[in-house]
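One letter stands for each residue in the lines below.
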Amino acid sequence: MSHVTPVFFDLVRVETRLYNAVSSRLRAEQGLGLGQFEMLEIIDRVPGCRVLDIVNELAITVGAVSKAVDRLAATGWCLRVAHPQDRRSSVLRLTPEGEKQLAASRPIVERELLSLTAAIPADDLARIASTLAALRATLEAGADGQPG
């Protein structure tokens, strides 16, 4: 086994445990999971957000994102609005309730992540962040890891 394989498995396990812990806390305090939070955050951050913007950012299928957005809309947290230039497409917008949910959820996510990573020195965490950002940029530039 190469030296990269154990790093990969550690990265996956760390991501899974962090994700599960933050999602559990968020669900307990706000009634939504981390996946829902991520989608609300993307819709809020990306001007004129469409399903494909979420697909590209999260690297999951169009079908998965479309179903998740339908659930967010059914919950009353977002709307699909006809795209002004492309009637076959829709723009996603947060509802006032979605904005409220996102605003209440952001500090919970931040607080939980700070707590879970508190044992890591700030310099080490900064190096990890820089390394992961470089790896992510490389993978995204090559379209590696996209669904389908």
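Right above here is the structure, for reference.
What counts and what doesn't
- Residues numbered from 1 in each chain as written.
- Predicted model: local features only at pLDDT ≥ 70, side-chain atom pairs only at ≥ 80, totals over all residues.
- Heavy atoms only, no water.
- Helix = DSSP H or I, 4+ residues; strand = E, 2+ residues; numbered from the N terminus.
- Contact = heavy atoms within 4.5 Å.
- Patch = residues over 30% accessible without salt bridge, like charges linked within 9 Å, V, L, I, M, F, W, Y side chains within 5 Å.
- Areas by Shrake-Rupley, 256 points an atom, 1.4 Å probe, with all protein chains shown as cover.
- Salt bridge = Lys/Arg side-chain N within 4 Å of Asp/Glu carboxyl O.
- Buried < 20%, exposed > 50% of the residue type's maximum accessible area, 1.4 Å probe, protein only.
- Core = buried A, V, L, I, M, F, W, Y, C linked by side-chain atoms within 4.5 Å.

Asks: Explain unusual backbone geometry here, please?
Replies: When glycine is set aside, most residues are seen to have a negative phi, and most peptide bonds are trans. Even without a glycine there, the phi angle at A59 is positive, about 55°. Residue position: A59 is located in the loop between helix 3 (51-58) and helix 4 (62-75).

Asks: I would appreciate a short explanation of the side chain of S90 in the present structure.
Replies: Relative to the helices and strands, S90 resides in strand 2 (residues 90-94). The contacts of S90, once residues within four sequence positions are left out, are C49, R50, R80, V81, A82 and H83.

Asks: Which parts of the structure should I look at to understand a nonpolar patch on the surface?
Replies: Together, L11, I120, L125, I128, L132, L135 and L139 make up a nonpolar patch on the protein surface, roughly 540 Å² of accessible area in all. For the nonpolar patch, the leading source of residues is helix 6 (residues 122-141), giving 5 residues. Given the relative accessible area of 38%, L139 is considered partly exposed.

Asks: Teacher, can you tell me more about the nonpolar core here?
Replies: Nonpolar side chains in soluble globular proteins tend to be buried together. Judged by nonpolar contacts, the single largest core of 25 residues is most densely connected at I43 and I54. Looking at this core, the elements that each hand over two or more residues are helix 1 (4-30), helix 2 (34-45), helix 3, helix 4, strand 2 and helix 5 (96-116). Residue contributions to this core peak at 6 residues, all from helix 2. Those residues in contact with I54 that lie beyond four places of it in its chain are M39, I42, I43, C49, A59, V65, V69 and L92.

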